[in-house]
Amino acid sequence: HRRGLLAPKHIVRLHRRAGADRLGFGNVAAGPPGAPVLVISWIREGALATWNEGAPDGRGVPPQSAIISVNGVSGDVQRMREQLREAFVEMEVVAPDRWKYGKVMNS
């Protein structure tokens, strides 16, 4: 049976269009050392804001959401950030209220 709750994590697909090549968000490394994530620190004009405008219920990505993988890469903040430079970016995202880890790592 389906519950009317947000999915614990969902996939967000972003595409950089010519002339609009910004994903439009900042991120900071966080999470436990063995399972680092990227936490979205701000969102401005760009591909993610466009996604959010058209996202179905529960699929929007607010600030403080945790990105747990980028294009299938997880567990390595530097490699995840490299994937964020690609033209197509597929991120696995956990909403802020479902992601509980207080400590932000320096990087």
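Residues numbered from 1 in each chain as written. Predicted model: local features only at pLDDT ≥ 70, side-chain atom pairs only at ≥ 80, totals over all residues. Heavy atoms only, no water.

Q: Just checking my understanding: could you explain the packing of aromatic side chains for this structure?
A: The description of two aromatic rings rests on the distance between their centres and on the angle between their planes. Considering all chains together, one arrives at 0 aromatic pairs under this definition. Cation over ring: Arg44 sits above Trp42, and NZ or CZ is 3.9 Å from the ring centre. (Phe/Tyr/Trp six-rings, centres within 6.5 Å; stacked < 30°, edge-to-face > 60°. Lys NZ or Arg CZ within 6 Å of the ring centre and 35° of its normal.)

Q: Is there a simple way to think about the confidence of the model for the protein in this case?
A: When pLDDT drops low, the exact placement of atoms in the prediction is not to be read closely. Looking at the protein, the pLDDT average stands at 85 and 83% of residues meet or exceed 70. Note on residues 1-6: pLDDT under 50 across the span, and 5 contacts to partners over four residues away in sequence or across chains. Overall, residues 103-107 carries pLDDT values under 50, and its contacts beyond four positions in sequence, including any with other chains, amount to 13 contacts. (pLDDT = per-residue confidence, 0-100. Contact = heavy atoms within 4.5 Å.)

Q: Looking at this structure, how should I read the sheet that holds strand β5 (residues 88-94)?
A: Pairing between the strands of a sheet is mediated by backbone hydrogen bonds and can be parallel or antiparallel. Spatially, the 5 strands line up as an open sheet ordered β1-β5-β4-β3-β2, and their pairing is antiparallel. Strands at the two margins of the open sheet, each flanked by one partner only, are β1 (10-15) and β2 (25-30). Direction aside, neighbouring strands of the sheet carry axes that sit 40° apart on average. Relative to strand β4 (residues 66-70), strand β3 (residues 37-43) runs antiparallel, the two sharing 2 bridges. Counted as the bridge partner of Leu38 is Ile67 from β4. Seen against the sheet, helix α1 (residues 47-54) touches β1, β2, β3 and β5 and runs at an angle of roughly 125° to β1. (Pairing = 2+ DSSP bridges. Helix = DSSP H or I, 4+ residues; strand = E, 2+ residues; numbered from the N terminus. Axes fitted to C-alpha atoms, helices over the stretch in contact; angles between N-to-C directions.)

Q: What is the right way to look at the side chain of Ser65 in this model?
A: Locating Ser65 in the fold gives a position in the loop between α1 and β4. Every residue in contact with Ser65, bar those within four places of it in the chain, is listed here: Leu38, Val39, Ile40, Val93, Val94, Ala95 and Pro96.

Q: What am I meant to see in unusual backbone geometry here?
A: Note on backbone geometry: most residues besides glycine have negative phi, and most peptide bonds are trans. Unusually for a residue other than glycine, Gln64 sits at a positive phi of about 80°. A residue is classified by how much of its surface remains accessible, and Gln64, at 43% relative accessible area, is partly exposed. Phi is positive for Asn71, close to 50°, though the residue is something other than glycine. By the secondary structure assignment, Asn71 is in the loop between β4 and α2 (77-83). The partly exposed category is assigned to Asn71, whose relative accessible area is 29%. (Buried < 20%, exposed > 50% of the residue type's maximum accessible area, 1.4 Å probe, protein only.)

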